[in-house]
Amino acid sequence: MALLLTACSTAGPSPSPAPSPSPSPQPSPSTAFYLRAWYTQALPPRHTFNWLAMLTVADGVLLDGNVAIDMIFPGPLTVLPIARPITPAGIAQLVDEARRLGMLSDKTDYTGGQPMPGARLGQVQLIVDGVTYNLTGNPDATIVCVRAPCEAAPGTPEAFGAFWQELVMAGTWLEPELGPAQEFVPDRVALLLVTPTAQDLPNQPAEWPFDTALTDTGVEFPGEAGARCVTLSGDALAAVWPTLRDGNQLTVFVDDGGTQAAAIVRVIVPGDESPCPDAA
């Protein structure tokens, strides 16, 4: 999956991570088709930092963020979406469903009124034939639909909920148009580096593979005393990727000075923005 990215700087023989000072790459307005669906909720940024997009379709690949994780501790350090090639016919079916349910109009708000405080909302960005649609709605605003197509009056909050449920089930009803599951290797990853917390089990140290000290890495993260946030790509991501891929919730990075930091990992899918603050 090709995506233009800003390379991180290097220092000496090992890369020294730095957050990208420019906005994250976004789909071009001329893109024929793009889809990303994700949840938002009024929670402290730390609690939503590692939320995966629920579904992304870009460059002929479907990324399913509905990943089943064993409810055991320690869980994996990094959760990756499931990547599957999607045919043009499968993309056409997604467009047809969006059109049938009235999602391709000038309307952007499908919440059906003022959302309850703290409510979880669904966000959908669609690009169809070069036209961008940014939609917000209640993903639960419909009766439960167990099989696509889900029925609702077009252009209503219930239609948004129906479309959302179809996206949740995309791996089922689009199965004939999907290729085999592949390992998704991200081009960009954001790390929130925080003070390790005491655990019943001992932490598992991992070498911080950069010259920059953990306390100087990236930028400060709002609302988290001492936390640092960094966006990695290119050689910097390659240097730390084995630990992110194979580590678990007990993994802590240790730099040359002996400072330790636990990492919260955000896999950045195509078109997504890094949750790290702009360093500019």
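Residues numbered from 1 in each chain as written. Predicted model: local features only at pLDDT ≥ 70, side-chain atom pairs only at ≥ 80, totals over all residues. Heavy atoms only, no water.

Caption draft 1: How the structure looks around the sheet that holds strand 9 (residues 131–137). The seven strands are arranged 6-5-4-3-8-9-7 in an open sheet whose pairing can be described as mixed. Strand pairing shows two members of the sheet lacking a second neighbour, strand 6 (82–85) and strand 7 (109–110), which therefore form its edges. Sheet topology places strand 7 next to strand 9; two bridges connect them, and they run parallel. Bridge pairing in strand 9 links Y110 to G137. (Pairing = 2+ DSSP bridges. Helix = DSSP H or I, 4+ residues; strand = E, 2+ residues; numbered from the N terminus.)

Caption draft 2: Up close: the packing of helix 2 (residues 88–100) against helix 3 (residues 157–168). At a closest axis distance of 10 Å, the pairing of helix 2 and helix 3 adopts a crossing angle of 160°. As far as their axial angle goes, helix 3 and helix 2 are roughly antiparallel. Crossing angle aside, the handedness with which helix 2 passes helix 3 is right-handed. Of the residues in helix 3, those in contact with L94, E97, A98 and R100 of helix 2 are F163, E166 and L167. Considered class by class, the residues forming the contact of helix 2 with helix 3 number four nonpolar, no polar and three charged. (Axes fitted to C-alpha atoms, helices over the stretch in contact; angles between N-to-C directions. Parallel < 35°, antiparallel > 145°, perpendicular 65-115°, else oblique. Left-handed = near helix turned anticlockwise from the far one by under 90°. Contact = heavy atoms within 4.5 Å. Nonpolar A, V, L, I, M, F, W, Y, C, P; charged D, E, K, R; others polar.)

Caption draft 3: Representation of the packing of aromatic side chains within the structure. Tallied over the full model, the rule gives six aromatic pairs. Look at W208 and F210: their rings are 4.8 Å apart centre to centre, the planes differ by 70°, and that puts the pair in the edge-to-face class. When sorted by exposure, W208 lands in the same class as F210, which is buried. Members of the aromatic cluster, each reached through a chain of ring pairs, are Y39, Y110, F160 and W164. Over the ring of W38 we find R36, and its NZ or CZ is 4.0 Å from the ring centre. We note R120 situated over the ring of Y39; from NZ or CZ to the ring centre the distance is 3.9 Å. (Phe/Tyr/Trp six-rings, centres within 6.5 Å; stacked < 30°, edge-to-face > 60°. Buried < 20%, exposed > 50% of the residue type's maximum accessible area, 1.4 Å probe, protein only. Lys NZ or Arg CZ within 6 Å of the ring centre and 35° of its normal.)

Caption draft 4: Main features of unusual backbone geometry. Of note, the bond from F73 into P74 is cis; its omega dihedral lies within 30 degrees of zero at 5°. Of note, the bond from A148 into P149 is cis; its omega dihedral lies within 30 degrees of zero at 5°. Tracing the backbone shows P149 in the loop between strand 9 and helix 3. At D59, a position not held by glycine, the phi torsion is positive, near 55°.

Caption draft 5: A look at the environment of T172. When you line up the elements, T172 lands in helix 4 (residues 170–173). Taking the C-alpha atoms as reference points, T172 and A148, 24 residues apart in sequence, are found 8.8 Å from one another.

Caption draft 6: Geometry of helix 2. Spanning 13 residues, helix 2 covers 18 Å between terminal C-alpha atoms, matching the ideal 18 Å at 1.5 Å per step. Inspection of helix 2 places G90, I91, L94, V95, E97 and A98 among the buried residues, and these make up the whole buried set. Seen along its axis, helix 2 keeps its buried residues to an arc of 160°; they face one direction. Contacts from the buried residues of helix 2 go to strand 3 (33–40), strand 4 (55–58), strand 8 (121–128), helix 3 and helix 4. (Expected span 1.5 Å × (residues − 1). Arc of directions from axis to C-beta.)

Caption draft 7: Region of interest: the layout of surface pockets. Considering only enclosed or pocket space, the largest pocket measures out at about 1,200 Å³ in volume. In terms of lining, the largest pocket is formed by 48 residues, of which the most central are T48, F49, N50, W51 and V265. Where the lining of the largest pocket is concerned, the elements lending two or more residues are strand 3, helix 1 (45–48), strand 14 (251–254) and strand 15 (260–268). Looking at the lining of the largest pocket, the element that brings in the most residues is strand 15, giving five residues. Here the residues of the lining of the largest pocket sort into 25 nonpolar, 16 polar and seven charged. (1 Å grid on protein atoms, 1.4 Å probe; cavity = no way out; pocket = protein on both sides within 12 Å on 5 of 7 lines; lining within 4 Å. Points joined across faces, edges and corners; volume = space filled by probe spheres on them.)

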